[in-house]
Amino acid sequence: MASSSKALVEFIGSLDKDSYVSLLSKLIGESKFVQNNPPELIPQEDLIVKHVLESLRPYSTETGGGPLVINHVAYHSGRGNLIVEYPGSVPGKILSFVGMHMDVVTANPDDWEFDPFSLSIDGDKLRGRGTTDCLGHVALVTELMKTLGQTKPALKSTVVAVFIASEENSSIPGVGVDMLVKDKLLDKLKSGPLYWIDTADKQPCVGTGGMIPWKLHFTGKLFHSGLAHKAINAMELAMEGLKEIQARFYRDFPPHPQEKVYGFATPSTMKPTQWSYPAGGINQIPGECTVCGDVRLTPFYDVKEVITKLQEYVDDINSNIEKLETRGPVSKYVLPDENLRGRLTISFDEASAGVACNLDSPGFHVLCKATEEVVGHVKPYSITGTLPLIRDLKDEGFDVQTSGYGLMATYHAKNEYCLLTDMCQGFDVFVRIISQLEEQD
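Description of the structure in this document.

Criteria and cut-off values
Residues numbered from 1 in each chain as written. Predicted model: local features only at pLDDT ≥ 70, side-chain atom pairs only at ≥ 80, totals over all residues. Heavy atoms only, no water. Pairing = 2+ DSSP bridges. Helix = DSSP H or I, 4+ residues; strand = E, 2+ residues; numbered from the N terminus. Axes fitted to C-alpha atoms, helices over the stretch in contact; angles between N-to-C directions. Contact = heavy atoms within 4.5 Å. Parallel < 35°, antiparallel > 145°, perpendicular 65-115°, else oblique. Left-handed = near helix turned anticlockwise from the far one by under 90°. Nonpolar A, V, L, I, M, F, W, Y, C, P; charged D, E, K, R; others polar. Disulfide = S-S within 2.5 Å. Buried < 20%, exposed > 50% of the residue type's maximum accessible area, 1.4 Å probe, protein only. Core = buried A, V, L, I, M, F, W, Y, C linked by side-chain atoms within 4.5 Å. Patch = residues over 30% accessible without salt bridge, like charges linked within 9 Å, V, L, I, M, F, W, Y side chains within 5 Å. Areas by Shrake-Rupley, 256 points an atom, 1.4 Å probe, with all protein chains shown as cover. Salt bridge = Lys/Arg side-chain N within 4 Å of Asp/Glu carboxyl O.

**Here we look at the sheet that holds strand S5 (residues 125-127)**
- Strand order in this open sheet of three strands is S4-S5-S20, and the pairing throughout is antiparallel. The open sheet has two edge strands, strand S4 (120-122) and strand S20 (417-419), and neither has a second partner. Neighbouring strand axes in the sheet, compared pairwise and without regard to direction, differ in orientation by 25 degrees on average.
- On top of the sheet, helix H11 (residues 420-438) reaches S5 and S20; it is set at about 60 degrees to S20, its chief contact.

Printed below as a string of C-alpha cells:
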C-alpha cells in the first residue's frame, strides 16, 4: 500500500464497535415491521431510514454539521430509499456502495432459538433477523458514511451510499433501486465502481445465476389400476417425459468453460422441485399431474434461448410420444382405439438472467487487493443463486462488483446471525477500497 494510501487508512480509522452494535440493535428492533412477503407483510423501510438519518444528519449539510449530502427518495408511502454522498474534489471521480436493503425475509419466532426481532449477542455473534441479510450491512455502511462525515478526509473521489427498499420481494413494483435508476438518480455512479454489498463470507462474488421457473403439466387417461392397459399413466409420462427433457437440456447446455474462470460451484441445472396431482384412490391410475421446478443458468447462456429450447423439447416429445420410454409391458402413452394421446404442456413464470462481473475492472482489482490485505486471502466465487437487480444495473452500464460480510450459512435461515469481527473486517475493506482508488487517475 502506498504511504499516502496507508496514511488515509489510518486517518479514517476502524469501525467503532459500540456505535455499530448500538445502531444494529435499533435496526433489528424494527425487523418485524420490515418483513417482505406481500400481501400479508409489506415492509415499512422508513422505520430503518429513521435510524440511519439519526446517525448521519448531525454530519450533513442539512444541519450544517458536516459535508454529507442526504436524499430521501420514496415512491410508496413509508417505503423510502436513501442516497448519502460524501463529496470529493475531482468531478466525475466516484465510487459507490449500493444494495444495502432495508427489508428482510420473514421469520417465525416459534422456530427460532432466540427472538428474531431483537438483537442478542453471544460472544462474537450478533443474532437476529437481518444481521447477515441485510440490516447488518445497512448499519455497517451507515457507520462508514458517519465516520467520513466525522473525520472529513480530503478525498478526490466522491463516495456514495445507496440504501434501498424492496429487495427481498418484487411483487410490488416501482419501490426500490429500479425506480432510482429509471429516474436517473444513480447515473453519475456509472463513472466509477459500484460495490453491491449484499453477499456473504467476505470474498468477492463475481458471478450469479439466472432463474427460469417452469411448470410441466402431463395429461393421460385416468382408469382403474387393475386395468392398466386402458389407462395412460400421467405419473409415468411425467417421469419419462421429464427425464428426456433433462437429458436434452444437459446436452444443449453443458458446463461452460467460463464457469471455471469465475469459480461457479455448479454448472447450469434443470430439476424438479414440486409435484402435484388430483386426489384419488390408490387403485386409480392418475390422468394428470403437474411437476414444477427451475432452471438455474450460468450467465454464459441466454435465458430466452433456453426457454425456446424447452418449448421445442416439449413439442417434439408430443409429436413423437410413441417413442418415449415406457414402464412395463402395458405401459403406454397412446390408446389408438380411443384416439387418445398423452400430452405435455410447459409454461414459465418470470425469468431473470445471471451476471458475470467484469474481472478486468479496476474496481474488481481494488476489491481483491483490499480483501487480501484485510482478510489474509482472496478467493472470488460464483453461485447460481439469483441477484436480478445487479443484472439490471450491469445492463444499464454500471460497473457492478459484489461483496458482503455476513455468513452464507445463515442467509434466509432460522437463527440468523453475523460475526462482529467479520463486520469490522468489512469496514476495513471499504476504507482500503476508498484509499486505493484515491491513488488511481
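Now that the structure has been shown, we can carry on.
**As for the packing of helix H9 (residues 362-375) against H11**
- Following both chains from N to C, one finds H9 and H11 inclined at 135 degrees, their axes separated by 9 Å at the closest point. With respect to each other, H9 and H11 are oriented oblique. When you trace H9 past H11, the crossing you get is right-handed. Within the contact between the two elements, H9 uses Val 366, Leu 367, Lys 369, Ala 370, Thr 371, Glu 373, Val 374 and Val 375 and H11 uses Gln 425, Asp 428, Val 429, Arg 432, Ile 433, Gln 436 and Leu 437.
- A breakdown of the residues in the contact of H9 with H11 according to their chemical character gives eight nonpolar, three polar and four charged.

**Points about the state of the cysteines**
- For the structure on display, the rule yields zero disulfides.
- With no disulfide of its own, Cys 368 has Cys 357 as its nearest cysteine by sulfur position, at a separation of 10 Å.
- We classify Cys 368 as buried; its relative accessible area is 13%.
- Left unpaired, Cys 424 is separated from the closest cysteine sulfur, that of Cys 418, by 10.0 Å.
- Look at Cys 424 and you get buried, because its relative accessible area is 14%.

**Observations regarding the nonpolar core**
- Ranked by internal contacts, the top residues of the largest apolar core, which has 59 residues, are Tyr 20, Phe 97, Met 145, Phe 163 and Ile 433.
- With 10 residues, H11 is the largest single contributor of residues to this core.
- Not counting chain neighbours up to four residues away, the residues in contact with Met 145 comprise Leu 56, Leu 68, Val 84, Glu 85, Tyr 86, Val 159 and Ala 161.
- Judged by nonpolar contacts, the second largest core, of 31 residues, contains Cys 289, Tyr 301, Val 303 and Tyr 313.

**Description of a nonpolar patch on the surface**
- Together, Met 239, Trp 275 and Tyr 277 line one region of the surface with nonpolar side chains, adding up to about 320 Å² of accessible area.
- Taking the relative accessible area as the measure of exposure, Tyr 277 reaches 48% and is therefore partly exposed.

**Side note on the pattern of salt bridges**
- With the rule as written, the count across this model stands at 18 salt bridges.
- Measuring nitrogen to oxygen at the nearest pair gives 2.9 Å for the salt bridge that ties Arg 248 to Asp 316. One end of the pair, Arg 248, is in helix H6 (residues 234-252); the other, Asp 316, is in helix H8 (residues 303-319), and 68 residues separate them in sequence.
- In this structure Arg 248 comes out as buried when scored by relative accessible area, which is 15%.
- Overall, Asp 316 belongs to the partly exposed group, its relative accessible area being 33%.
- One salt bridge in this structure joins Asp 294 and Arg 296, with 3.1 Å as the shortest N-O distance. For the residue pair Asp 294 and Arg 296, the accessibility class agrees, reading buried in each case.
- Bridged by salt links that share partners, the residues Glu 244, Arg 248 and Asp 316 form one connected network.

That's the geometry; what it means functionally is another story.
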